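Remarks on the overall topology
One letter stands for each residue in the lines below.
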Amino acid sequence: MFQGRSLLKEVDFTKEELAYLIDFAIHLKKLKQANIPHQYLAGKNIALLFEKTSTRTRSAFTVAANDLGAHPEFLGPNDVQFGKKESTADTAKVLGAMFDGIQFRGFKQKDVETLAAASGVPVWNGLTDTWHPTQMLADFMTIKEIFGDYTGKHLVYIGDGRNNMANSLLVTSAILGVHITIIAPESLQPEQNIQDLAAEKAAISGSQLTITADLAAVKGADVIYTDVWVSMGEEDQYDQRLAQLLPYQVNAALFNQTGNKDCIFMHCLPAFHDLETKTMVDIHQKTGLTELEVTDEVFHSEQSVVFQEAENRLHSIKAVMAATLGNLFIPKV
Ligand code: CP
Ligand code: NVA
C-alpha cells in the first residue's frame, strides 16, 4: 500500500516496494515517450520546499507534477518564512492544510521527518545531509535499463564515503541485493550506524558489503559511481577534501582496473570534470587542477550513463508522487 505514505529514506520501503516504484518509473517513461497522458494527480497542489540549490530534483518534481496534472509551487529559501521566522512544525501545518504533497530538500533529516509528521500529507525527501532516496530510484532504474536487472550486480562507489549519496547507495544496495563496495579514505567512510543498517538489510537480501580504502577493490565492478568531494553546506572544507580525495579520482586508468569492458560510469551530478564552472575555475587558480572526482575523459566516455541517469530522475520522481498521492490501484507488492 503506497497511498498517503512519505518517502523520507530508503528503509521506509521494502525491497519489493522499491522494485515496484522502479518498474512503475520504467512504465511511466514509456507513456511519456509515447505521448500517452497520465494525469493521475489532476487538480492536486504540490509544494516544492528548497533550502539548498537544485537543477535535476527541482526540474524533475516540476515536470513530473505538470505531467501528472498537478500544480507545483516552488518555495525557495528567499521566498518563505521557513528557516528564519517560522519553525518546521508550524510550516508543515500550514503547507499541509493547503497542499496535497510536499517535496523537501534541505540540511537536516529531522526537518523532513517533522514535515511528514506534522503536515498530514505525503512528504518526499529531495535530499538531506543524510539521504537522497529519489536519486536511488533513478539510479537503480538506470542500472536495470542497461543490464536488465540490478540484482547481483556489483556497484563500486569511490570518494566521500560518508555523504548522503554514499549512505543511500550503501543501504539501498543492501536492501535490493546489489553487491556494493565503498572505496574511501578511512576518515571518510560511512558512520557505524549506517554500516549497521546496511548489514542488517544485506543479511536478508544476500548483498555483499565491502568498505575499504584500497582502490584495487574496483576489480570486477559493473558500475563505478562517484559524487562531488564537497557536498552542499560543506564548502569551507575544500582544501582538506581535495588533499584527502585526490588519489580517489575516477580516471581511465582506475576505470580500466575493473577488468570489465561492460562496466558503466554513474554520477548523480553536478560533476566537476572540466573548467566550465565558476567553482572549478576558482579551484584551478588555487591548485592547478582541471578536474576533480572524475576526469573529463571518463565523464564523456561511452561507458558514462550520467545523462540517462539524470533524465530518469523525472520518471522515478513521477512514480513516487503518483503511487503515494494518486488514486491508483496497486496490487499488494
Ligand atoms: N542529483 C541531484 O540531486 O541534482 P540536483 O542537485 O541538481 O537536484
Ligand atoms: N552529495 C551531494 C549530492 C548532490 C546531488 C550534495 O549533497 O551536495
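As a reminder, the structure under discussion sits directly above these lines.
Just so it is clear, the structure is predicted and the values come from calculations on it, not from any experiment. All residue numbers here refer to positions counted from 1 along the written sequence of the relevant chain. By the order in which they are written, chains take letters starting at A while ligands take numbers starting at 1. Since the coordinates come from a predicted model, pLDDT governs what is reported: local features require at least 70, and pairs of side-chain atoms require 80 or more to be given and counted, while whole-chain, interface and lining totals use all residues. Heavy atoms from the whole structure form the basis of all side-chain values; hydrogens and water molecules are not counted.

1. Some remarks on the nonpolar core
The nonpolar side chains of a soluble globular protein tend to be buried with one another. Buried Ala, Val, Leu, Ile, Met, Phe, Trp, Tyr and Cys residues form a nonpolar core when they are joined through side-chain atoms within 4.5 Å. Residue exposure (1.4 Å probe, protein chains only): buried if accessible area is under 20% of the type maximum, exposed if over 50%, otherwise partly exposed. Counting residues in each nonpolar core, the largest one holds 61 residues, and the members touching the most others are Phe-140, Leu-155, Leu-169 and Met-321. Two residues qualify as a contact provided that any one of their heavy atoms is within 4.5 Å of a heavy atom in the partner residue. Setting aside residues up to four positions removed in sequence, Met-321 forms contacts with Leu-41, Ile-46, Phe-61, Ala-64, Ala-65, Leu-68, Trp-124 and Gly-326. Membership of the second largest hydrophobic core comes to 31 residues, among which are Ile-183, Leu-242, Cys-263 and Leu-292.

2. Looking at the pairing of strand β2 (residues 71-75)
Both strand β1 (residues 45-50) and β2 contribute to a ladder of five bridges, which runs parallel. Counted as the bridge partner of Ala-47 is Glu-73 from β2. Assessed by its sense of winding, the connection that carries the chain from β1 through helix α2 (residues 56-67) to β2 is right-handed. Two strands are said to pair when DSSP picks up at least two bridges between them. For the purposes of this entry, the term helix denotes a DSSP run of H or I that reaches at least four residues, the term strand denotes a run of E that reaches at least two, and both are numbered from the N terminus. Note on handedness: a clockwise path from strand one over the helix to strand two, with the strands aimed away from the viewer, defines a right-handed crossover.

3. Examining the sheet that holds strand β3 (residues 101-105)
Pairing is parallel in the open sheet, where four strands are placed in the order β2-β1-β3-β4. Of all the strands in the sheet, the pair left with one neighbour each is β2 and β4 (123-125). Neighbour-to-neighbour, the strand axes of this sheet turn through a mean angle of 20 degrees, independent of strand direction. To obtain each axis, a line is fitted to C-alpha atoms, and for helices this fit is confined to the stretch in contact; angles are then taken between N-to-C directions over 0 to 180 degrees.

4. Topic: unusual backbone geometry
The peptide bond linking Leu-269 to Pro-270 adopts the cis configuration, its omega dihedral lying at 5 degrees. Position of Pro-270 relative to the elements: it lies in the loop between β9 (264-267) and α10 (278-287). Of note in this structure, Asn-35 is not a glycine but carries a positive phi near 60 degrees. One can find Asn-35 in the loop between α1 (15-33) and β1. The class of Asn-35 is exposed, set by a relative accessible area of 69%. For Leu-269, which is not a glycine, the phi torsion comes out positive at approximately 65 degrees. Secondary-structure assignment places Leu-269 in the loop between β9 and α10.

5. What to know about the sheet that holds strand β7 (residues 209-212)
Spatial ordering of the open sheet is given by β7-β6-β5-β8-β9, a layout of five strands whose pairing is parallel. Where the open sheet ends on each side, the last strands, each with one partner, are β7 and β9. With direction set aside, neighbouring strand axes in the sheet form an average angle of 20 degrees. Relative to the sheet, helix α5 (residues 133-147) contacts β5 (154-158), β8 (223-226) and β9, its axis offset from that of β9 by approximately 165 degrees. With respect to the sheet, helix α12 (residues 306-325) is in contact with β8 and β9, its orientation differing from that of β9 by roughly 45 degrees.

6. Some thoughts on the site of ligand 2
Any residue with a heavy atom positioned within 4 Å of a molecule or strand is treated as near that molecule or strand. Near ligand 2 the following residues occur: Leu-127, His-132, Asn-163, Asn-164, Asp-227, Val-228, Ser-231, Met-232, Cys-268 and Leu-269. Any pair of N or O atoms that falls within 3.5 Å is considered a polar contact. Within protein, one atom must be able to donate a hydrogen and the other to accept it, and sequence-neighbouring residues count only if both atoms are side-chain atoms. Note that a nitrogen atom of ligand 2 is positioned 2.8 Å from one of the side-chain N or O atoms of Asn-164. In the model, a nitrogen atom of ligand 2 is placed 2.8 Å from a nitrogen or oxygen of the Ser-231 side chain. Burial of ligand 2 by the protein amounts to 95% of the accessible area it has alone, namely 270 Å². Computed with a 1.4 Å probe, the accessible areas rest on the Shrake-Rupley method; for each residue, only the protein chains presented here act as cover.

7. A word on the pattern of salt bridges
The term salt bridge refers to a pairing of a side-chain nitrogen on Lys or Arg with a carboxyl oxygen on Asp or Glu at a separation within 4 Å. Tallying each qualifying case throughout the model produces 14 salt bridges. The salt bridge partner of Glu-113 is Lys-9, with a shortest N-O separation of 3.5 Å. You can see Glu-113 sitting in helix α4 (residues 109-119) and its partner Lys-9 sitting in the segment before α1, a full 104 residues away along the chain. A relative accessible area of 27% places Glu-113 in the partly exposed class. Lys-278 is the partner of Asp-282 in a salt bridge, and the nearest nitrogen-oxygen pair spans 3.0 Å. Of this pair, Asp-282 and Lys-278 are both found in helix α10, four residues apart, which corresponds to roughly one turn of the helix. Residue Asp-282 is classed as partly exposed on the basis of its relative accessible area, which comes to 32%. Judged by its relative accessible area of 63%, Lys-278 is exposed. One network of salt bridges, in which partners are shared, links Asp-160, Arg-162, Glu-234 and Arg-241.

8. As for the environment of Gly-159
With respect to the helices and strands, Gly-159 occurs in the loop between β5 and α6 (164-176). Gly-159 sits 34 residues away from Asn-193 along the chain, and the two C-alpha atoms are 19 Å apart. Contacts of Gly-159, omitting those with residues within four sequence positions, involve Ile-183, Ala-184, Pro-185, Trp-229 and Leu-245.

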